[in-house]
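Breakdown of the fold
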Amino acid sequence: MKKFKSIHLMFVAVFATAAMFYLNSCVKDPCKDVVCQNGGTCLSGTCSCATGYEGTNCETAMRDKFINASGYSAVENGSASGASTYTLNITTNSNSVDKVYISNVWNSFQNTVNATINGSTITFARQSPDNDGFYVEGEGTISGNSITVSYTVTDETSTPIVTDNLTGTWTKK
């Protein structure tokens, strides 16, 4: 009987190992045929994109929808500066895929304003582009060919400090 028990146990062990191998080989890898680009990672068959990228396979830099070689026609209403129309440009920042430069903001700043892209939102944190005591901060949302913006320019060289609250639309030319 001792021999029968050891043969029986050996058969069970071999059968269990074979069954586990068979079951494991039937599990499909949902990421097998998924190729995520630009540092994206496949999770359960879907790409999780690195910062600054979007798309099914992370193939598109988010900032690309904001870039326009012909510039933007800005139409704005300011609380202190009144209504104005002018041209501005949004260009790439080579330091980071989620950063851009905006030139001619408020139709006054000589230097570019640094902005960050996240999805369909462009945000410019408080900064003094010309280092002259005038500060700008705000954000906008792109939809189609237009960016709806809301931002503030503060003149901290005067007493009292003067603030211009602006809203408007920047439309691709």
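Residues numbered from 1 in each chain as written. Predicted model: local features only at pLDDT ≥ 70, side-chain atom pairs only at ≥ 80, totals over all residues. Heavy atoms only, no water.

Glancing now at the overall build of the chain. For the chain, the helix and strand inventory stands at one helix and 12 strands. Ordered by position from the N terminus, the helices and strands of the chain form the series α-β-β-β-β-β-β-β-β-β-β-β-β. For the chain, the residues scored as buried account for 31% of the 173 residues in total. Put simply, of all contacts in the chain between residues at least 6 apart along the chain, 33% involve residues at least 24 apart. (Helix = DSSP H or I, 4+ residues; strand = E, 2+ residues; numbered from the N terminus. Buried < 20%, exposed > 50% of the residue type's maximum accessible area, 1.4 Å probe, protein only. Contact = heavy atoms within 4.5 Å.)

As a further point, take the nonpolar core. The nonpolar side chains of a soluble globular protein tend to be buried with one another. Judged by nonpolar contacts, the single largest core of 25 residues is most densely connected at I90, I102, I122, I147, Y151 and W170. Among the elements of the structure, strand 5 (72–78), strand 6 (82–92), strand 7 (99–103), strand 8 (113–118), strand 9 (121–127), strand 10 (134–143), strand 11 (146–155) and strand 12 (162–172) are those that each provide at least two residues to this core. No other element matches the four residues that strand 11 contributes to this core. Apart from residues lying up to four places away in sequence, I102 is in contact with L88, N89, I90, T112, V113, A115, I122, F124 and W170. Listed in part, the eight residues of the second largest apolar core include C31, C47, Y53 and C58. (Core = buried A, V, L, I, M, F, W, Y, C linked by side-chain atoms within 4.5 Å.)

Formally, a disulfide is one covalent bond, and it connects the sulfur atom of one cysteine to the sulfur atom of another. Taken as a whole and assessed by the stated rule, the structure comprises three disulfides. Here C31 engages in a disulfide with C42; their sulfurs sit 2.1 Å apart. Torsion about the S-S bond of the C31 and C42 cystine: about -85°, corresponding to left-handed handedness. Placement of C31 in the loop between helix 1 (2–26) and strand 1 (41–43) and of C42 in strand 1 is noted, with a sequence separation of 11 residues between them. In this structure C31 comes out as buried when scored by relative accessible area, which is 18%. Sulfur-sulfur distance for the disulfide between C49 and C58 comes to 2.2 Å. On the sign convention where negative is left-handed, the bridge of C49 and C58, at about -95° about the S-S bond, is left-handed. According to the relative accessible area criterion, C49 is partly exposed, its value standing at 28%. Take the cysteines of the chain that form disulfides and number them in order along the sequence; they join up as 1-3, 2-4, 5-6. (Disulfide = S-S within 2.5 Å.)

What characterises a pair of aromatic rings is the spacing of the ring centres plus the angle enclosed by the ring planes. Summed over the entire model, instances satisfying the criterion amount to five aromatic pairs. A network of ring pairs unites the aromatic residues W106, F109 and F134 as a single cluster. If you follow R126 out to its NZ or CZ, it ends over the ring of Y135, 4.0 Å from the centre. (Phe/Tyr/Trp six-rings, centres within 6.5 Å; stacked < 30°, edge-to-face > 60°. Lys NZ or Arg CZ within 6 Å of the ring centre and 35° of its normal.)

Take unusual backbone geometry next. Note the cis peptide between T159 and P160, where omega equals 0°. A positive phi angle, close to 50°, is found at N38, a residue other than glycine. Among the structural elements, N38 can be located in the loop between helix 1 and strand 1. In this structure N38 comes out as partly exposed when scored by relative accessible area, which is 36%. Positioned with a positive phi, W106 is a non-glycine residue whose angle comes to about 65°. With respect to the secondary-structure elements, W106 resides in the loop between strand 7 and strand 8.

Looking along a regular strand, one sees the side chains alternate between the two faces of the sheet. Pairing geometry for strand 5 and strand 6, over seven bridges, is antiparallel. Pairing of N77 across the sheet is with A83, part of strand 6. In sequence, strand 5 turns back onto strand 6 through a hairpin of three residues. Across four bridges, strand 6 lies against strand 7 in antiparallel orientation. For T92, the partnering residue across the bridge sits in strand 7 and is V100. The loop that links strand 6 with its antiparallel partner strand 7 comprises six residues. (Pairing = 2+ DSSP bridges.)

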